[in-house]
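Survey of secondary and tertiary structure
So the chains spell out like this:
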Amino acid sequence: MSFLKSTALGIGRWLAVTIITTGAFIGILWWSINRKPDIPTGSTLIVDLNKPLVEAEMPVPPMLALFGGNGAARVAPVHEIAAGIRSAAADPRIARLVINLDGIQPAGMQTTFELVDAIRTFSASGKRTIAYAANYDRPKYMLGNAASERWVDPMGIVDLSGPSFSTPYIGDLLASSGVEVHVAKAGTFKAAVEPYILPAMSAPARAQFTTLLTGFRDSFFANIRTPTAESATAAKSNSATDPETALRNQLVTRIASPADLDRAITPIWPEDHKRAMDRMIPIETYRRALDAPTCQNSNRRIAVLTLSGPIGMDGDPLTSITPEATIEALRRIQNSGEASVILLRIDSPGGDAQAAEMIRAEIAAIRKSGIPVVASLANTAASGGYWIASAADEILTGEFTMTGSIGAFAIRPSLHTIAKRFHINPQTVNVGPEPLNGGFLNPMTEQQRTRLDSDIHRVYSRFIHLVADARHIPLSDMPSIAEGRVWTGPQAVTLRLADQVTTFDGALARAAIIGKTTPSCRAAVYPKVSMEQLVNSMARGYSFASTAVPPSLQRVLRLAEGQIEPVVTSGRPAVYCLSCEGITQ
């Protein structure tokens, strides 16, 4: 009996110590992540773009936040990074800004452009602003050009060539392999289906990409600053320029190694060096030191809902847009009673037509309830992404946004030739009308082809009527606007598909006017990504590094993962700009 009693006491003490230790560890972890840092006077703000530039916040697992993320419990959206840089411009504690562009991960040009105005604001304050890169491409140079000083490595290059479009055409490969691909499409310029059925790009597709890329090139050079006409000419004719030529043409201001940069911002004497290192403030740390914006009226807030990724009936909430998650978020905003306006930030090439319509219908219902909706288009808001945006009161696009792509298609592959080659004999028994999807091992019948073509043209007709009604465009003008053409943001404004070219901050200001509030009165950001969702996504193989995969390979990976299965395998009507992913701005 005494043995059992002593054992129970021992276990009790062990449990008590474990609980106390765990609680203390959690408390320390919470304090480390949430404490407000001190910012010494004379500090250097460090913007090291070694994390993905994202439109919506991403939570970071607590252990990673503590040991590998500057204490940041989340990857901040690009708009918050920009807000931090603007705050630093007027902060007397911040003496200079250093932007390290070497670790930057590929992001859409519009997302990158969101930082440009913030860097220019800091430079205009008179404080020293240094951008450093071993090599400059167009996105890096767009950011570096906003700084007062642009440094490049002695062995680097400055390459402003492009933009370009590239995608493999596999029509011949599929045909020679015995894969029969039936395509139903509405829209002469709906080039997404071409790679699966043609050996090379068609003339209409080449014409539309030339128009689109020319627009992006014009926007790029309109938004970089060159000190002289000669340097402007040099920039436009630039292709892989060496540092000495770039310096001579005033494209950069200094040739320097990373060690030169370190010596420029940190003294070599030990005591001075330590003091200077204490004043190196990462942007993540600086943002946590800022006071939260105040709002005078808690019932008139701007609810920001970010919709990012392909659109499907189901999918990963971190990487796709689904009706279930989006409608839930919209209704949560509506029922909260605190939102006087909703700002939709859309970054999507589209996807499943039915899913896009379900989301559009919910937005229309929200508007009817008395809450206005403003759509802000990010890198891509094309096809299904634009279908959703069309329900908004106003559509605000970016300078480098890809939008439009008003068309529809379906792809239905058949492996019956391969099956026959390997003596596979599929057997089917149908009761009632013949199903549209008869299985990949069966050839498509004429009845199935007719039904699929009819479905696609029905979806396309609804698409153009929705846009014409929402944007007050005569239906007779829609053929020259739609037909699957992809447009830049400025082109979309000219065509009445959008109301204004602006950044996210401009859209936030406009939403504040419509909602009769101020930009600082923001509600919680939606959708809310829980730690459970993050863990589930990581278990499925998602990682921050996936955003650095080239767009063409991202498409292949998403095909393999089934994220755009409705587009390629099921034969369902799709409103998807697959070709948008092959564009490198």
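Residues numbered from 1 in each chain as written. Predicted model: local features only at pLDDT ≥ 70, side-chain atom pairs only at ≥ 80, totals over all residues. Heavy atoms only, no water.

**Topic: the confidence of the model for the protein**
Threshold: Residue-level confidence of the predictor, termed pLDDT, takes values from 0 up to 100. Any two residues whose heavy atoms approach within 4.5 Å at even a single point are treated as in contact.
Per-chain confidence: the protein averages 83 in pLDDT, with 81% of residues scoring 70 or above. Note on residues 537-569: pLDDT is under 50 here. Beyond four places in sequence and across chains, it has 59 contacts.

**Digging into unusual backbone geometry**
If a residue is not glycine, its phi is most likely negative; likewise, a peptide bond is most likely trans. The condition that has to hold: We call a residue buried when its accessible area falls under 20% of the maximum for its residue type, exposed when it is over 50%, and partly exposed in between, using a 1.4 Å probe and counting protein chains only.
Here the residue pair Gly162 and Pro163 is connected by a cis peptide bond, since its omega of 5° sits within 30 degrees of zero. Unlike most non-glycine residues, Lys516 shows phi in positive territory, near 55°. The exposure class of Lys516 is exposed, given its relative accessible area of 66%.

**Some words on the pattern of salt bridges**
How we decide: Only one rule defines a salt bridge in this text: a Lys or Arg side-chain nitrogen within 4 Å of an Asp or Glu carboxyl oxygen. Helix and strand assignments come from DSSP, with helices taken as H or I runs of at least 4 residues and strands as E runs of at least 2, each series counted from the N terminus.
Summed over all chains, the structure comprises 19 salt bridges. With a shortest N-O distance of 3.1 Å, Arg367 and Asp393 are connected by a salt bridge. With Arg367 in helix H16 (residues 353-368) and Asp393 in the loop between helix H17 (384-389) and strand S15 (394-397), this pair connects stretches of sequence that are 26 residues apart. The class of Asp393 is partly exposed, set by a relative accessible area of 34%.

**Notes on the environment of Gly515**
Turning to its location among the elements, Gly515 is positioned in the loop between helix H22 (504-514) and helix H23 (531-539). Judged by relative accessible area, Gly515 falls into the buried class, the value being 0%. C-alpha separation for the pair Gly515 and Val374, spaced 141 residues apart in sequence, amounts to 9.7 Å. With sequence-adjacent residues up to four places away left out, Gly515 is seen in contact with Arg300, Ser340 and Val341.

**Some words on the pairing of strand S17 (residues 408-414)**
On a regular strand, each side chain points to the face opposite its neighbour's, so the side chains alternate between the two faces of the sheet. Put simply, the test is: Only strands joined by at least two bridges in the DSSP assignment are considered to pair.
Of all seven residues in S17, seven are buried, a share of seventy percent or more. Alternating residues of S17 divide into Ala408, Ala410, Arg412 and Ser414 and Phe409, Ile411 and Pro413, and every residue in both groups is buried. Relative to S17, strand S8 (residues 180-186) is paired through seven bridges, and the arrangement is antiparallel. Each residue of the ladder has a partner; that of His182, found in S17, is Arg412.

**Re helix H19 (residues 446-471)**
Our working definition: Here the expected span of a helix is defined as 1.5 Å times the quantity of residues minus one.
If you check H19, its first and last C-alpha atoms are 38 Å apart, about what 26 residues at 1.5 Å a residue would give, namely 38 Å. Looking one or two places after H19, you find His472, whose phi comes out positive at around 55°.

**A few points about the environment of Glu394**
The cut-off we apply is this: The term polar contact refers here to a pair of N or O atoms within 3.5 Å; inside protein, the definition further demands a hydrogen-donor-capable atom paired with an acceptor-capable atom, and it admits residues adjacent in sequence only when both atoms are side-chain atoms.
Looking at where Glu394 falls in the secondary structure, it is placed in strand S15. Look past the residues within four positions of Glu394 in its chain and what remains in contact with it is Val373, Val374, Ala375, Asp499, Arg510 and Ile514. Separated by 2.6 Å, the side chains of Glu394 and Arg510 make a polar contact.

**Overview of the side chain of Ser340**
Among the secondary structure elements, Ser340 is positioned in strand S12 (residues 339-348). Given the relative accessible area of 10%, Ser340 is considered buried. Looking at Ser340, its side chain comes within polar contact range of the main-chain oxygen of Gly515, at 2.9 Å. Beyond its immediate stretch of four places on either side in the chain, Ser340 contacts Asn299, Arg300, Arg301, Ile371, Pro372, Gly515 and Thr517.

**A few points about a nonpolar patch on the surface**
Cut-off, in case you're wondering: Like charges within 9 Å and nonpolar side chains (Val, Leu, Ile, Met, Phe, Trp, Tyr) within 5 Å are joined into patches, using only residues over 30% in relative accessible area that form no salt bridge. Each accessible area is a Shrake-Rupley estimate made with a 1.4 Å probe; only the visible protein chains count as cover when residues are assessed.
There is a patch of nonpolar side chains on the surface, built from Leu415, Phe422, Ile424, Phe440 and Leu441 and spanning about 440 Å² of accessible area. Position of Ile424 relative to the elements: it lies in the loop between helix H18 (416-421) and H19. Exposure remark for Ile424: the relative accessible area of 42% places this residue in the partly exposed category.

**Brief notes about the packing of helix H3 (residues 78-89) against helix H5 (residues 116-124)**
How we decide: To define axes, lines are fitted to C-alpha atoms, for helices over the stretch in contact only, and angles between the resulting N-to-C directions are given on a 0 to 180 degree scale. With respect to orientation, any angle under 35 degrees is reported as roughly parallel, any angle over 145 as roughly antiparallel, any angle of 65 to 115 as roughly perpendicular, and every other angle as oblique. Note on residue classes: Ala, Val, Leu, Ile, Met, Phe, Trp, Tyr, Cys and Pro are nonpolar, Asp, Glu, Lys and Arg are charged, and everything else, Gly too, is polar.
Contact geometry of H3 with H5 gives a least axis separation of 8 Å together with a crossing angle of 10°. Comparing the axis directions of H3 and H5 gives the class roughly parallel. Here Ala82, Ile85, Arg86, Ala88 and Ala89 of H3 lie close against H5, whose contacting residues are Asp117, Ala118, Ile119, Thr121 and Phe122. Residue composition of the contact of H3 with H5, grouped by class: seven nonpolar, one polar and two charged.

**Let's talk about the nonpolar core**
Note the threshold: Throughout this description, the term nonpolar core refers to a set of buried Ala, Val, Leu, Ile, Met, Phe, Trp, Tyr and Cys residues connected via side-chain atoms within 4.5 Å.
In terms of nonpolar packing, the biggest core is built from 60 residues, with Leu49, Ile85, Leu115, Tyr136 and Phe220 touching the most fellow members. If you tally residues by element for this core, the top one is helix H9 (residues 203-222), at seven residues. For Phe220, the residues in contact, after removing those within four places along its chain, are Met109, Arg138, Tyr141, Met142, Leu160 and Phe400. Membership of the second largest hydrophobic core comes to 55 residues, among which are Tyr460, Phe463, Leu466 and Ala482.

**What to know about the state of the cysteines**
Applicable threshold: In this description, the term disulfide denotes a pair of cysteine sulfurs within 2.5 Å.
Here the structure, examined in full by the defined rule, presents one disulfide. Disulfide partner of Cys577: Cys580, at an S-S distance of 2.0 Å. Looking along the S-S bond of the Cys577-Cys580 disulfide, the torsion reads about 80°, which is the right-handed sense. Residues Cys577 and Cys580 agree in their burial class; the two are buried.

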